[in-house]
Structures are given as C-alpha cells and as structure tokens.
Amino acid sequence: MKTTTTLRPADLAEVRDAVRDTPGRLAVAGAGTAAGWAGDLDTVDAVLDLSALSGVITHNPGDMTVSAHAGTPLRALTDELAEHGQHVSLDAARIADGATLGGLVATGDSGPSSLVYGTMRDLVIGVTVVLADGTVARSGGHVIKNVAGYDLAKLLHGSHGTLGVLTEIVLRLHPVPQRAATLVVDAPLARAAELAARVLEGPYEPVALEWISHGSGQLLVRIEGTDEALPARVQRLQEVLDGGDEAADDPWLRHAELTRGSPEAAVLRIGARPSVLPALVADVAADAATVGLGTGVATVSLPPHAVAEAHGRVHAAGGTSQLRYRPPGADAPAWGPPPSALAVLRAVKTELDPDGRFGPGRFSPWM
C-alpha cells in the first residue's frame, strides 16, 4: 500500500466527512493486526485510521446487547463487560493482539468457540456504515428481528473494507461461563478426527473441538458448565475419548501461536466440510496446523511456493481458502480459483462502491 495521507476521525460525522470530502481511493485501518490478510492493497489516496473511534456507546445488560464504536479493541470491551458477568463469545487469536471490533467483522475472523457461538457474522445484530458516497446507512439494532433489503452486517462480514466503513457495531452477548475445562488427548490428526466424531454424535456439547500440530498432535476439547456439573461432564468425555487429561496450563495459547504462524511461512485459512477437512489438511502438506473438527475451519502454515497449489486442492474439494500472511518479499496468491458466486460479489461491489474507492486490490484478481 502506498499513500501519503492518514485521516484519524473520532466520531461518525468525521468519518462521513472524511469519505465525502476526500477524493480518490481509500483504505480503512484499525489496530493493524490483519493488515497483511487477503490481497495486497493497491495505491490509495488516503487511509482512514479508526483507532480513535473507540468506546462503548450503549450497554443493555438486561437485553444482553452492547453497541460500540468500530475501533474498539475487543479485549478492552471484554474487560468492561466482565463486571456484568457478560462477554462477546469470540476467541480469535488476534484479540490478544488488540484486534478491533470493526477489523474482526471486516476480516471474518473467528476462533475455536465458533463451534457453539458462531462467528462475528452470528454475533453482530446491527451496524452503522458510511458508504462510498458519504451516505450513513444503518442496519439492525439492539433487537433481533428480520428486516427487508440488504443485511449490511452480513454483507460486510469478510469484506476486508471494500464495501464501506464500519463505524458502530451492535453485538449480542453471552454470560461468562461459571467454569470451563479442556481435555487434551495426544493423537495424530486421523485418530483425532475419529474421536471428534464420537463426541459430536453424543450429548457432550463441546464449546471447542480442535486438533493442533503440537508434538505428534493433540485433540483439544473444551466444555463449559457450572461448578457442580462440570466434573461429571469431564468424566463422561474421558470415557468417550478413551482417556484425556484435564489441562493444567492453557493449551489454547499453543493453538493461538499455531494460528498466527511463523514469520518464515505463509498462513492459509481453509474452510471445508468437516468430513473432508482432515484429509484436505494432510493433502496440502502443512508444516503446522490447527484444525476445527466440528467447525470445518483450519489454519495451516506452509512454504509460500506451495500456496497456489494448496488453493487449487481446497477449491477442488469444494472448500474456500484465503491467505492470511505472506513472508516479506514472497509472491503467494491471496485467493484461489474464483468462486461460483463471483458475479454476485461484483454486483454487490458495484451497487455499494461503483467507483471502486474502498480497499482496491483486496480481492485481486477477482475484482
């Protein structure tokens, strides 16, 4: 990305004025924790830095909803909600790095607990967005209901700042669990997939069910419950898993490290049917991986020269893939073969941003 101008609006009106009064192409930036995801940005005329657009707008503990500015770091919001025993049920790795609400929506990021709570797409119930012509549009709100027309929140999820500028986000909340436990089972990926199938077929209700390439491989199973009920649930899970130790440390920190990858390797996010995902991850010959055996989402590290072939294998298996990191100087493609819905993607882009002002290059070469 090349530009000489950075704008730092602090409220909705300043964002609107910045979009309306700044000619040319614009990039949207938050904490910068996902700046290298997707395609490289082409040259823009200005960057809208939303880091000053931060803070809670309204918290309704009784309704379990909160609205906040898009530049609010989720970890800061988590701290603020904790005194009410509530939280946003999202555990993406980069939250610890300061990822903002707007960035998490725009990148479509998620974590292991999406098995039960879904992604930001499922947690966002309303947004305010500034469109390319400066129009302020609102969708949804604090009440969960069906509405006619575009569901902007879902359109903007994973749009990488190419459709509009998120300024305010309304989220549904969940109670902070009284207690949680994680069982760790040493197992290679194929064996872990068999054990995961047993868990998913029974009444065990895991919150997260992931395999990580730590050592010879580990299956992580997280459950939540009350102080009284959790020990018995752990015991039933150990029976169906043929063992497993309750983690004394936090194995999800290892999961987060593997999700981030290493500076030398490319990082690819893969989505596929859970039934085909383990074989697909093995097929792309990843150096390191986290594999959601219930969610169908994997994050793999591999040499940059292997990325194009991996995209092709994922596409052939009916899945989706997106580059999340490329080492400096590496020429790894962000996207694989175009999806069947490409015409729809282009039509939405044309409708909301006809002059291609926002995020040029993010979806190259598709559009």
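Residues numbered from 1 in each chain as written. Predicted model: local features only at pLDDT ≥ 70, side-chain atom pairs only at ≥ 80, totals over all residues. Heavy atoms only, no water.

- Per an unreviewed UniProt entry, the recorded name for the protein chain is FAD-binding protein, and the organism is Pseudonocardia abyssalis.

**Description of the sheet that holds strand E8 (residues 136–140)**
- Strand order across the open sheet formed by five strands is E4-E5-E9-E7-E8, with antiparallel pairing between neighbours. The sheet is open, and its two edges are formed by strand E4 (56–60) and E8, each paired on a single side. Taken over all neighbouring pairs, the strand axes of this sheet differ in orientation by 10° on average, direction set aside.
- Of the strand pairs in this sheet, strand E5 (residues 65–69) and strand E9 (residues 165–172) are connected by five bridges, and their pairing is antiparallel. Of the residues in E9, the one forming a bridge with Ser67 is Val170.
- Docked against the sheet, helix H2 (residues 74–82) engages E4, E5 and E9, running at close to 40° with respect to E4. (Pairing = 2+ DSSP bridges. Helix = DSSP H or I, 4+ residues; strand = E, 2+ residues; numbered from the N terminus. Axes fitted to C-alpha atoms, helices over the stretch in contact; angles between N-to-C directions. Contact = heavy atoms within 4.5 Å.)

**Describing the packing of aromatic side chains**
- Applying the stated criterion across every chain, the model contains two aromatic pairs.
- Ring centres 5.0 Å apart and planes at 15° place the aromatic pair Trp335 and Phe363 in the stacked group. Within this pair, whereas Trp335 is found in the loop between strand E18 (320–325) and helix H12 (342–352), its partner Phe363 is found in the segment after H12, the two being separated by 28 residues in sequence.
- For Trp335, a relative accessible area of 10% gives the class buried.
- Considering the side-chain rings of Trp335 and Trp366, the 5.0 Å spacing of their centres and the 40° angle between planes classify their relative orientation as tilted. Taken together, the residues span a long stretch of sequence, with Trp335 in the loop between E18 and H12 and Trp366 in the segment after H12 at a distance of 31 residues.
- On the basis of relative accessible area, Trp366 is assigned to the buried category, the value being 11%.
- A connected cluster of aromatic rings, assembled from ring pairs, spans Trp335, Phe363 and Trp366.
- One residue, Arg94, lies across the ring of Trp37, its end atom 4.6 Å from the ring centre.
- If you follow Arg222 out to its NZ or CZ, it ends over the ring of Trp252, 4.8 Å from the centre. (Phe/Tyr/Trp six-rings, centres within 6.5 Å; stacked < 30°, edge-to-face > 60°. Buried < 20%, exposed > 50% of the residue type's maximum accessible area, 1.4 Å probe, protein only. Lys NZ or Arg CZ within 6 Å of the ring centre and 35° of its normal.)

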